[in-house]
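Commentary on secondary and tertiary structure
Chain by chain, the residues run as shown.
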Amino acid sequence: MNKNIDVLIIGAGQAGLAIGYYLSKSNQSFILIDAAGRVSDVWRNRYDSLVLFSPRRYSSLPGLPLAGDSDGFPTKDEFADYMEAYGIHFSLPFHLNTKVEKLKQAYGSFEAITSKGRYSAKSVVIATGPFQKPFIPQLKGSSSTFQLHSSDYRGPYQLAEGPALIVGGGNSGAQIALELAESRQVYLSAGHEMVFIPRVLLKRSIFWWLEVTGLAKAADGSRRAKLLKKTEPVIGTELKLLIESGKVIVKERAVAFQDQEVVFKDGSKIAVDNIIWATGFYFDYSWIDIPGVLDSQGKTVHQRAISPVEGIYFLGLPWLSRVGSAQINGINYDAKNIFEDLEKRNSEN
(Lines give C-alpha, C1' and ligand atoms only; values in the text may rest on other atoms or scores of the structure.)
Protein backbone atom coordinates (compact mmCIF):
# COMPACT_ATOMS: atom_id res chain seq x y z
CA MET A 1 0.00 0.00 0.00
CA ASN A 2 1.29 3.45 -0.96
CA LYS A 3 -0.78 6.51 -0.05
CA ASN A 4 -0.20 10.15 -1.02
CA ILE A 5 -2.14 12.67 1.09
CA ASP A 6 -1.97 16.21 2.38
CA VAL A 7 -1.97 15.42 6.11
CA LEU A 8 -1.07 12.24 7.94
CA ILE A 9 -2.32 12.02 11.52
CA ILE A 10 -0.39 9.49 13.60
CA GLY A 11 -2.59 8.37 16.47
CA ALA A 12 -6.38 7.93 16.57
CA GLY A 13 -6.98 8.88 20.20
CA GLN A 14 -8.76 12.03 21.35
CA ALA A 15 -6.01 14.27 19.96
CA GLY A 16 -6.08 12.65 16.54
CA LEU A 17 -9.87 12.83 16.44
CA ALA A 18 -9.86 16.52 17.35
CA ILE A 19 -7.56 17.54 14.49
CA GLY A 20 -9.44 15.12 12.24
CA TYR A 21 -12.66 17.01 13.00
CA TYR A 22 -11.18 20.26 11.73
CA LEU A 23 -9.62 18.68 8.67
CA SER A 24 -12.96 17.07 7.79
CA LYS A 25 -14.20 20.61 7.13
CA SER A 26 -11.35 21.47 4.76
CA ASN A 27 -10.40 20.39 1.26
CA GLN A 28 -7.16 18.77 2.44
CA SER A 29 -6.91 15.00 2.17
CA PHE A 30 -5.97 13.20 5.39
CA ILE A 31 -5.80 9.81 7.10
CA LEU A 32 -5.62 8.82 10.76
CA ILE A 33 -3.43 5.78 11.38
CA ASP A 34 -3.15 3.85 14.62
CA ALA A 35 -1.48 0.63 15.74
CA ALA A 36 -4.63 -0.43 17.63
CA GLY A 37 -7.32 -2.52 16.02
CA ARG A 38 -10.16 -0.29 17.20
CA VAL A 39 -10.62 3.41 17.83
CA SER A 40 -10.05 4.23 21.52
CA ASP A 41 -8.63 0.84 22.53
CA VAL A 42 -6.30 2.74 24.88
CA TRP A 43 -9.31 3.74 26.97
CA ARG A 44 -11.00 0.33 26.79
CA ASN A 45 -7.86 -1.37 28.05
CA ARG A 46 -7.53 0.75 31.17
CA TYR A 47 -8.67 -0.49 34.59
CA ASP A 48 -12.29 -1.60 34.87
CA SER A 49 -13.47 0.93 37.46
CA LEU A 50 -11.96 4.00 35.77
CA VAL A 51 -14.24 7.03 35.71
CA LEU A 52 -13.11 10.26 34.07
CA PHE A 53 -12.19 13.12 36.41
CA SER A 54 -14.02 15.66 34.27
CA PRO A 55 -17.83 15.70 33.94
CA ARG A 56 -19.40 15.16 30.53
CA ARG A 57 -19.64 18.88 29.75
CA TYR A 58 -15.83 19.01 30.00
CA SER A 59 -15.19 15.61 28.38
CA SER A 60 -16.39 16.33 24.86
CA LEU A 61 -14.41 16.80 21.67
CA PRO A 62 -15.15 19.71 19.29
CA GLY A 63 -18.40 19.55 17.38
CA LEU A 64 -20.19 16.76 19.27
CA PRO A 65 -21.24 16.88 22.96
CA LEU A 66 -21.03 13.70 25.02
CA ALA A 67 -24.62 12.53 25.64
CA GLY A 68 -26.03 12.16 29.16
CA ASP A 69 -26.08 14.18 32.36
CA SER A 70 -23.67 17.04 31.62
CA ASP A 71 -22.61 17.18 35.27
CA GLY A 72 -22.16 13.41 35.58
CA PHE A 73 -18.84 11.61 35.19
CA PRO A 74 -18.50 9.19 32.24
CA THR A 75 -16.93 5.76 32.58
CA LYS A 76 -13.91 4.88 30.46
CA ASP A 77 -16.01 2.53 28.28
CA GLU A 78 -18.64 5.21 27.75
CA PHE A 79 -15.96 7.62 26.62
CA ALA A 80 -14.37 4.99 24.37
CA ASP A 81 -17.74 4.35 22.70
CA TYR A 82 -18.24 8.11 22.31
CA MET A 83 -14.89 8.41 20.54
CA GLU A 84 -15.75 5.60 18.17
CA ALA A 85 -19.14 7.19 17.42
CA TYR A 86 -17.38 10.54 16.96
CA GLY A 87 -15.24 9.12 14.19
CA ILE A 88 -18.29 7.66 12.45
CA HIS A 89 -20.30 10.88 12.87
CA PHE A 90 -17.67 12.96 11.08
CA SER A 91 -16.71 10.19 8.61
CA LEU A 92 -13.07 10.29 9.66
CA PRO A 93 -10.79 8.09 7.51
CA PHE A 94 -9.09 5.55 9.79
CA HIS A 95 -6.38 3.06 8.92
CA LEU A 96 -6.13 0.84 12.00
CA ASN A 97 -3.71 -2.01 12.80
CA THR A 98 -1.12 0.27 11.20
CA LYS A 99 2.06 0.79 13.20
CA VAL A 100 4.54 3.47 12.19
CA GLU A 101 8.05 2.03 12.02
CA LYS A 102 9.83 5.13 10.71
CA LEU A 103 9.02 8.71 9.79
CA LYS A 104 11.45 10.51 7.50
CA GLN A 105 11.72 13.29 4.97
CA ALA A 106 11.63 12.36 1.30
CA TYR A 107 11.56 14.54 -1.81
CA GLY A 108 10.01 17.61 -0.24
CA SER A 109 7.42 15.71 1.78
CA PHE A 110 7.32 13.24 4.64
CA GLU A 111 7.24 9.47 4.37
CA ALA A 112 5.88 7.13 7.02
CA ILE A 113 6.99 3.52 6.71
CA THR A 114 4.36 1.40 8.44
CA SER A 115 3.36 -2.22 8.96
CA LYS A 116 0.82 -1.75 6.15
CA GLY A 117 2.96 0.12 3.62
CA ARG A 118 4.18 3.63 2.94
CA TYR A 119 2.36 6.94 3.39
CA SER A 120 3.58 10.15 1.80
CA ALA A 121 2.24 13.42 3.20
CA LYS A 122 2.91 17.15 2.94
CA SER A 123 2.30 17.52 6.68
CA VAL A 124 2.26 15.19 9.69
CA VAL A 125 0.43 15.62 13.00
CA ILE A 126 1.99 13.40 15.68
CA ALA A 127 -0.88 12.68 18.07
CA THR A 128 0.42 9.59 19.84
CA GLY A 129 -0.36 11.03 23.29
CA PRO A 130 1.48 10.93 26.62
CA PHE A 131 0.87 7.23 27.41
CA GLN A 132 3.53 5.61 25.24
CA LYS A 133 5.94 3.37 27.17
CA PRO A 134 5.29 2.32 30.80
CA PHE A 135 8.03 3.54 33.15
CA ILE A 136 9.15 1.29 36.01
CA PRO A 137 12.06 2.47 38.18
CA GLN A 138 15.04 0.17 38.52
CA LEU A 139 15.41 -0.45 42.26
CA LYS A 140 18.36 -2.14 43.91
CA GLY A 141 17.87 -5.77 44.86
CA SER A 142 15.17 -8.12 43.67
CA SER A 143 11.77 -9.32 44.77
CA SER A 144 9.47 -12.21 43.90
CA THR A 145 6.49 -10.09 44.92
CA PHE A 146 3.70 -9.93 42.31
CA GLN A 147 4.20 -6.73 40.31
CA LEU A 148 2.57 -4.93 37.41
CA HIS A 149 2.40 -1.45 35.93
CA SER A 150 -0.80 0.54 36.34
CA SER A 151 -1.34 0.34 32.56
CA ASP A 152 -1.77 -3.45 32.97
CA TYR A 153 -3.99 -3.18 36.04
CA ARG A 154 -7.65 -4.10 35.47
CA GLY A 155 -8.97 -4.87 38.94
CA PRO A 156 -8.29 -6.44 42.38
CA TYR A 157 -8.91 -9.92 40.96
CA GLN A 158 -5.50 -9.83 39.26
CA LEU A 159 -3.58 -9.55 42.53
CA ALA A 160 -2.36 -12.13 45.00
CA GLU A 161 -3.90 -12.11 48.45
CA GLY A 162 -2.33 -9.83 51.01
CA PRO A 163 -1.18 -6.20 51.29
CA ALA A 164 -0.45 -4.06 48.26
CA LEU A 165 1.96 -1.21 47.67
CA ILE A 166 1.11 1.46 45.09
CA VAL A 167 4.22 3.28 43.91
CA GLY A 168 3.25 6.71 42.63
CA GLY A 169 1.10 9.45 44.10
CA GLY A 170 -0.63 10.71 40.97
CA ASN A 171 -4.26 10.32 39.99
CA SER A 172 -3.97 6.75 38.66
CA GLY A 173 -2.18 5.58 41.79
CA ALA A 174 -4.74 7.32 43.97
CA GLN A 175 -7.71 5.72 42.22
CA ILE A 176 -6.18 2.25 42.34
CA ALA A 177 -5.29 2.66 46.01
CA LEU A 178 -8.86 3.72 46.74
CA GLU A 179 -10.25 0.61 45.03
CA LEU A 180 -7.82 -1.84 46.64
CA ALA A 181 -8.38 -0.41 50.13
CA GLU A 182 -11.85 -1.97 50.09
CA SER A 183 -10.36 -5.46 50.35
CA ARG A 184 -6.80 -5.25 51.77
CA GLN A 185 -4.18 -3.16 53.52
CA VAL A 186 -2.77 -0.62 51.11
CA TYR A 187 0.46 1.36 51.25
CA LEU A 188 1.15 4.25 48.88
CA SER A 189 4.67 5.41 48.12
CA ALA A 190 4.82 9.05 47.02
CA GLY A 191 7.94 11.00 46.17
CA HIS A 192 6.24 14.30 46.98
CA GLU A 193 3.57 15.73 49.23
CA MET A 194 0.16 14.77 47.88
CA VAL A 195 -2.25 17.63 47.23
CA PHE A 196 -5.96 16.85 47.01
CA ILE A 197 -8.64 18.98 45.34
CA PRO A 198 -12.38 18.14 45.33
CA ARG A 199 -14.17 17.05 42.18
CA VAL A 200 -17.04 19.39 43.08
CA LEU A 201 -16.82 22.61 45.09
CA LEU A 202 -19.97 24.56 46.04
CA LYS A 203 -21.97 22.42 43.58
CA ARG A 204 -19.64 23.32 40.73
CA SER A 205 -17.12 21.04 39.01
CA ILE A 206 -13.52 21.85 39.81
CA PHE A 207 -13.08 22.25 36.05
CA TRP A 208 -15.63 25.07 36.14
CA TRP A 209 -13.58 26.79 38.85
CA LEU A 210 -10.38 26.32 36.87
CA GLU A 211 -12.10 27.90 33.88
CA VAL A 212 -13.57 30.95 35.63
CA THR A 213 -10.34 31.67 37.51
CA GLY A 214 -8.35 31.45 34.30
CA LEU A 215 -6.10 28.66 35.61
CA ALA A 216 -7.31 26.34 32.85
CA LYS A 217 -5.78 28.74 30.33
CA ALA A 218 -2.44 29.20 32.08
CA ALA A 219 0.09 29.47 29.26
CA ASP A 220 3.30 27.50 29.37
CA GLY A 221 6.08 29.68 30.76
CA SER A 222 3.75 31.92 32.75
CA ARG A 223 4.04 32.42 36.50
CA ARG A 224 0.83 30.43 37.05
CA ALA A 225 2.17 27.60 34.89
CA LYS A 226 5.32 27.36 37.01
CA LEU A 227 3.15 27.05 40.12
CA LEU A 228 0.92 24.39 38.55
CA LYS A 229 3.90 22.35 37.35
CA LYS A 230 5.27 21.89 40.86
CA THR A 231 2.88 19.05 41.65
CA GLU A 232 0.04 17.11 40.05
CA PRO A 233 -3.02 17.44 42.32
CA VAL A 234 -5.11 14.37 43.04
CA ILE A 235 -8.67 15.07 41.96
CA GLY A 236 -11.10 13.89 44.63
CA THR A 237 -10.73 13.78 48.41
CA GLU A 238 -11.86 10.19 49.09
CA LEU A 239 -8.31 8.88 49.37
CA LYS A 240 -7.35 11.71 51.72
CA LEU A 241 -10.02 10.51 54.15
CA LEU A 242 -8.68 6.94 54.00
CA ILE A 243 -5.16 8.19 54.67
CA GLU A 244 -6.35 10.20 57.65
CA SER A 245 -8.18 7.15 59.03
CA GLY A 246 -5.11 4.91 58.58
CA LYS A 247 -6.74 2.59 56.04
CA VAL A 248 -4.14 3.69 53.49
CA ILE A 249 -0.62 4.32 54.78
CA VAL A 250 1.58 6.79 52.91
CA LYS A 251 5.29 5.96 52.64
CA GLU A 252 8.23 7.91 51.28
CA ARG A 253 9.90 7.15 47.94
CA ALA A 254 10.70 3.43 47.41
CA VAL A 255 14.45 2.98 46.89
CA ALA A 256 15.30 -0.73 47.08
CA PHE A 257 14.25 -4.33 47.65
CA GLN A 258 15.68 -6.46 50.44
CA ASP A 259 14.46 -10.02 50.10
CA GLN A 260 10.65 -9.73 50.37
CA GLU A 261 10.69 -6.21 51.78
CA VAL A 262 10.50 -2.81 50.13
CA VAL A 263 12.89 -0.19 51.51
CA PHE A 264 11.93 3.48 51.56
CA LYS A 265 13.94 6.71 51.56
CA ASP A 266 13.57 7.13 55.33
CA GLY A 267 14.99 3.63 55.94
CA SER A 268 11.69 2.03 56.88
CA LYS A 269 10.71 -1.33 55.38
CA ILE A 270 7.48 -3.21 54.71
CA ALA A 271 6.64 -6.64 53.35
CA VAL A 272 3.87 -6.70 50.75
CA ASP A 273 2.46 -9.34 48.43
CA ASN A 274 1.70 -6.98 45.54
CA ILE A 275 3.31 -3.93 43.97
CA ILE A 276 1.59 -1.73 41.41
CA TRP A 277 3.83 0.74 39.63
CA ALA A 278 1.74 3.87 39.03
CA THR A 279 4.91 5.61 37.90
CA GLY A 280 3.72 6.98 34.60
CA PHE A 281 5.12 6.71 31.11
CA TYR A 282 8.01 7.95 29.02
CA PHE A 283 7.98 9.16 25.44
CA ASP A 284 9.43 7.01 22.69
CA TYR A 285 10.03 8.82 19.43
CA SER A 286 12.83 6.55 18.26
CA TRP A 287 10.85 6.00 15.05
CA ILE A 288 11.21 9.66 14.03
CA ASP A 289 14.20 10.07 11.73
CA ILE A 290 13.98 13.78 10.91
CA PRO A 291 16.70 16.19 12.11
CA GLY A 292 15.39 19.07 14.21
CA VAL A 293 12.16 17.42 15.35
CA LEU A 294 13.73 16.09 18.56
CA ASP A 295 16.48 17.42 20.78
CA SER A 296 19.62 15.52 21.86
CA GLN A 297 17.62 13.80 24.63
CA GLY A 298 14.87 12.64 22.30
CA LYS A 299 12.35 15.23 23.50
CA THR A 300 10.04 17.12 21.19
CA VAL A 301 11.09 20.55 19.92
CA HIS A 302 8.17 22.88 19.23
CA GLN A 303 6.68 26.33 19.68
CA ARG A 304 3.06 25.99 20.79
CA ALA A 305 2.76 22.52 19.16
CA ILE A 306 4.41 23.58 15.90
CA SER A 307 7.79 22.02 15.12
CA PRO A 308 10.66 24.10 13.70
CA VAL A 309 10.63 21.56 10.87
CA GLU A 310 7.91 22.98 8.64
CA GLY A 311 5.00 20.55 8.28
CA ILE A 312 5.48 18.66 11.56
CA TYR A 313 3.09 19.17 14.49
CA PHE A 314 2.52 17.64 17.93
CA LEU A 315 -0.86 17.29 19.60
CA GLY A 316 -2.18 15.92 22.90
CA LEU A 317 1.03 16.25 24.94
CA PRO A 318 1.36 18.00 28.31
CA TRP A 319 2.07 21.72 28.19
CA LEU A 320 2.25 22.10 24.42
CA SER A 321 0.88 25.58 24.91
CA ARG A 322 -1.07 25.60 28.18
CA VAL A 323 -2.03 23.63 31.28
CA GLY A 324 -4.80 21.63 29.55
CA SER A 325 -2.92 20.63 26.39
CA ALA A 326 -3.05 16.91 27.27
CA GLN A 327 -6.57 16.99 28.70
CA ILE A 328 -9.72 16.12 26.78
CA ASN A 329 -11.22 19.54 27.38
CA GLY A 330 -7.97 21.32 26.46
CA ILE A 331 -7.01 19.59 23.22
CA ASN A 332 -9.36 21.72 21.14
CA TYR A 333 -7.24 24.86 21.61
CA ASP A 334 -4.07 23.31 20.16
CA ALA A 335 -5.99 21.37 17.49
CA LYS A 336 -7.56 24.57 16.19
CA ASN A 337 -4.20 26.37 16.11
CA ILE A 338 -2.60 23.49 14.22
CA PHE A 339 -5.48 23.40 11.75
CA GLU A 340 -5.16 27.12 11.06
CA ASP A 341 -1.44 26.68 10.40
CA LEU A 342 -2.13 23.71 8.13
CA GLU A 343 -4.66 25.77 6.15
CA LYS A 344 -2.22 28.65 5.85
CA ARG A 345 0.54 26.32 4.69
CA ASN A 346 -1.81 24.64 2.20
CA SER A 347 -2.86 27.98 0.68
CA GLU A 348 0.76 29.02 0.21
CA ASN A 349 1.77 25.83 -1.60
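Described in the following lines is the structure provided in the data block. Everything numeric in this text was worked out from a predicted model, so none of it was measured.

Before going further, it helps to spend a moment on the sheet that holds strand 16 (residues 254–258). Pairing within the open sheet is antiparallel, and its three strands lie in the order 16-17-18. The open sheet has two edge strands, strand 16 and strand 18 (269–271), and neither has a second partner. The sheet shows a mean angle of 30° between the axes of neighbouring strands, taken without regard to direction. Of the pairings in the sheet, the one linking strand 16 to strand 17 (residues 261–264) comprises four bridges and is antiparallel in character. Within strand 17, the position partnered with A256 by the bridge is V263.

Judged by nonpolar contacts, the single largest core of 80 residues is most densely connected at L103 and I312. For this core, the element with the most residues is helix 1 (residues 14–23), which contributes seven residues. Setting aside chain neighbours within four positions, we find L103 in contact with I10, F110, E111, A112, V124, I126, W287, I288, D289, I290 and I312.

On inspection of all chains with the given rule, the structure shows 12 salt bridges. Note that D81 and R44 form a salt bridge whose closest N and O atoms lie 3.2 Å from each other. In this pair, D81 is assigned in helix 3 (residues 76–89) and R44 in helix 2 (residues 41–44), connecting sequence segments 37 residues apart. Note on D81: relative accessible area 43%, which makes it partly exposed. Judged by relative accessible area, which is 15%, R44 ranks as buried. Linked through salt bridges whose partners overlap, the residues forming this network are R38, D41, R44, D81 and E84.

Moving on to the sheet that holds strand 10 (residues 186–189). Backbone-to-backbone hydrogen bonds pair the strands of a sheet. The strands run either parallel or antiparallel. An order of 8-19-9-10-15 is seen for the five strands of this open sheet, with the pairing classed as parallel. Among the strands making up the open sheet, the edge pair consists of strand 8 (146–149) and strand 15 (248–251). In this sheet, adjacent strand axes meet at a mean angle of 20° when their direction is disregarded. Both strand 8 and strand 19 (residues 274–277) contribute to a ladder of four bridges, which runs parallel. By the bridge assignment, L148 is partnered in strand 19 with I276.

Our focus in this paragraph is the packing of aromatic side chains. Aromatic ring pairs are reported here in terms of the distance separating the ring centres and the angle at which the planes meet. Counted by the stated rule, this structure contains 15 aromatic pairs. Where Y285 meets F314, the ring centres are 6.0 Å apart and the plane angle is 70°; that geometry is what we call edge-to-face. Taken together, the positions of Y285 in the loop between strand 20 (281–282) and strand 21 (288–289) and F314 in strand 22 (residues 312–314) put the pair 29 residues apart, joining distant regions of the chain. Taken together, the ring pairs in this structure connect Y21, Y22, W43, F79, Y82, Y86, F90 and F339 into an aromatic cluster. It is R46 that lies over the ring of F131; its NZ or CZ is 5.2 Å from the centre.

By the alternation rule, side chains of strand 2 (residues 30–33) split into F30 and L32 and I31 and I33, which are all buried. Both strand 2 and strand 3 (residues 94–95) contribute to a ladder of two bridges, which runs parallel. Following the sheet pairing, I33 is matched in strand 3 by H95.

Topologically, L17 is positioned in helix 1. On the basis of relative accessibility, which here comes to 0%, the residue L17 falls in the buried class. With 45 residues separating them in the primary sequence, L17 and P62 have C-alpha atoms 9.1 Å apart. Setting aside residues up to four positions removed in sequence, L17 forms contacts with A12, L32, V39, L61, M83, Y86, L92 and F94.

Cut-offs and rules
- Residues numbered from 1 in each chain as written.
- Predicted model: local features only at pLDDT ≥ 70, side-chain atom pairs only at ≥ 80, totals over all residues.
- Heavy atoms only, no water.
- Pairing = 2+ DSSP bridges.
- Helix = DSSP H or I, 4+ residues; strand = E, 2+ residues; numbered from the N terminus.
- Axes fitted to C-alpha atoms, helices over the stretch in contact; angles between N-to-C directions.
- Core = buried A, V, L, I, M, F, W, Y, C linked by side-chain atoms within 4.5 Å.
- Buried < 20%, exposed > 50% of the residue type's maximum accessible area, 1.4 Å probe, protein only.
- Contact = heavy atoms within 4.5 Å.
- Salt bridge = Lys/Arg side-chain N within 4 Å of Asp/Glu carboxyl O.
- Phe/Tyr/Trp six-rings, centres within 6.5 Å; stacked < 30°, edge-to-face > 60°.
- Lys NZ or Arg CZ within 6 Å of the ring centre and 35° of its normal.

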